[in-house]
Amino acid sequence: MNKKATGTPVGILGGTFDPIHYGHLRLAEEMLELAHLQKIYFIPAGTPPHRESPQVSAQHRSAMVKLAIADQPAFVLDSREVERITPCYTVDTLRELRAELGMALPLCLLMGGDAFLQLHTWHEWEQLFDLAHIVVGYRPGFTLVDRIHTATPALRSHYQQRLCNADDLSQHPAGGIVELAIPKLEISATLIRSRVAENRSIRYLLPNAVADYIHQHHLYTHAKH
Ligand code: ATP
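Residues numbered from 1 in each chain as written. Predicted model: local features only at pLDDT ≥ 70, side-chain atom pairs only at ≥ 80, totals over all residues. Heavy atoms only, no water.

Novice: Got a minute to help me understand the nonpolar core in this structure?
Specialist: Within the largest apolar cluster, 40 residues are counted, with the highest numbers of intra-cluster contacts made by Ile20, Ile40, Phe42, Met64, Phe75 and Ile214. Of all elements in the fold, only helix H1 (22-34), strand E2 (39-44), helix H2 (58-68), strand E4 (107-112), strand E6 (177-181), helix H8 (189-197) and helix H9 (208-216) reach the threshold of two or more residues within this core. For this core, the element with the most residues is H1, which contributes five residues. For Phe42, the residues in contact, after removing those within four places along its chain, are Leu13, Phe17, Ile20, Leu25, Ala28, Val65, Ile69, Phe75, Val76, Leu77 and Asp78. If you look at the next biggest cluster of nonpolar residues, it comprises 27 residues, including Phe116, Leu131, Ala151 and Leu155. (Core = buried A, V, L, I, M, F, W, Y, C linked by side-chain atoms within 4.5 Å. Buried < 20%, exposed > 50% of the residue type's maximum accessible area, 1.4 Å probe, protein only. Helix = DSSP H or I, 4+ residues; strand = E, 2+ residues; numbered from the N terminus. Contact = heavy atoms within 4.5 Å.)

Laid out in structure tokens, this is it:
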């Protein structure tokens, strides 16, 4: 955390986005505002190392992200992971972004509190701190500090040493951990997939353009969660 930074911090939001919904979009919008980010890259996962394969193709998931973020100029689709054939880890994507954007720009990896507490399971997880800050959203009233005792000792130690404020993000290119209180909408991609399979409405859970795309392409019509 001692390198000099230049430029307004950029956020990175990875996910399966199977499909993207208002939970993701509100998380991004809140983080854009509270962490004073200039933009957020939405990076749909290709073949996620940590979970079962997504239900629809990478091209469909990417197309839905593009539709969902079309009216927010600060949100950008980055399809690099879906275009790769081999499995791709976040640490590799961050290395690529660093090579493109330079070493001085503050990069912020955005995630929810549950994901953060599992960070030690990510490939080369301790390298992540050399490449980016980590910005963690938690539900108001459920602070990370109350749950950090459930993390591994190594992760707990990083948390204790690296915790800083949103205003500090622009001071260094990487290495900090920031927590932001963000109301969590009770929406998940799993819920949307099961609603579609049951032929039920998904309106108001995700942008209309994405709902229309799902129906036009007959996505998620077979139950599989
Ligand atoms: P699934 O239901 O298929 O597990 P998901 O809806 O949780 O999917 P992901 O693509 O796995 O979506 O999530 C990407 C990121 O968005 C993760 O960091 C996750 O914590 C966050 N996220 C997902 N849903 C919400 C939500 N409702 N509110 C805030 N953050 C969310």
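That covers the picture; the talk isn't over yet.
Novice: Would you mind going over the environment of Tyr159 with me for this structure?
Specialist: By the element assignment, Tyr159 lies in helix H7 (residues 153-162). Tyr159 sits 121 residues away from Gln38 along the chain, and the two C-alpha atoms are 25 Å apart. When residues no more than four places from it in sequence are discounted, the contact partners of Tyr159 are Phe116, Leu144, Val145, Ile148, Ile177 and Glu179.

Novice: Got a minute to help me understand the pattern of salt bridges in this structure?
Specialist: Pairing between side chains of opposite charge can happen when the charged atoms of each approach one another. Summed over all chains, the structure comprises eleven salt bridges. Between Arg193 and Asp18 there is a salt bridge whose closest N-O contact spans 3.8 Å. Here the residue Arg193 occupies a position in helix H8, and Asp18 occupies one in the loop between strand E1 (10-15) and H1, the gap between them amounting to 175 residues. A relative accessible area of 7% means that Arg193 is categorised as buried. Ionic pairing is found between Glu186 and Arg139, a salt bridge with its closest N-O pair at 2.9 Å. Highlighted residues: Glu186 in the loop between E6 and H8 and Arg139 in the loop between strand E5 (133-138) and helix H6 (144-147), separated in sequence by 47 residues. Connected through salt bridges with shared partners, the residues Asp78, Arg80, Arg84, Glu96 and Glu100 form a single ionic network. (Salt bridge = Lys/Arg side-chain N within 4 Å of Asp/Glu carboxyl O.)

Novice: Is there a simple way to think about the site of the ligand in this case?
Specialist: Inspection of the region around the ligand gives 18 residues, with His21, His24, Leu185, Ala189 and Thr190 positioned closest. The contact in question runs from an oxygen atom of the ligand to an N or O atom on the side chain of His21, over 2.8 Å. Within the side chain of Thr190, one N or O atom sits 2.5 Å away from an oxygen atom of the ligand. Protein contact buries 81% of the 610 Å² of open area that the ligand shows by itself. Among the elements of the structure, E1, H1, E4 and H8 are those that each provide at least two residues to the shell around the ligand. Classifying every residue of the shell around the ligand by side-chain character gives six nonpolar, nine polar and three charged. (Near = heavy atom within 4 Å. Polar contact = N/O pair within 3.5 Å; in protein donor to acceptor, adjacent residues only side chain to side chain. Areas by Shrake-Rupley, 256 points an atom, 1.4 Å probe, with all protein chains shown as cover. Nonpolar A, V, L, I, M, F, W, Y, C, P; charged D, E, K, R; others polar.)

Novice: Looking at this structure, I do not really get H7. What am I missing?
Specialist: Side chains of residues three or four places apart in an α-helix project in the same direction, reflecting 3.6 residues per turn. For H7, every residue scored as buried is listed here: Leu155, His158, Tyr159 and Arg162. Down the axis of H7, the buried side of the element spans an arc of 100 degrees, and every buried residue falls inside it. Exposed positions of H7 whose direction lies more than 90 degrees from the buried face are Pro153, Gln160 and Gln161. Looking at the packing, one finds that the buried side of H7 touches helix H4 (113-117), helix H5 (128-131), H6 and E6. (Arc of directions from axis to C-beta.)

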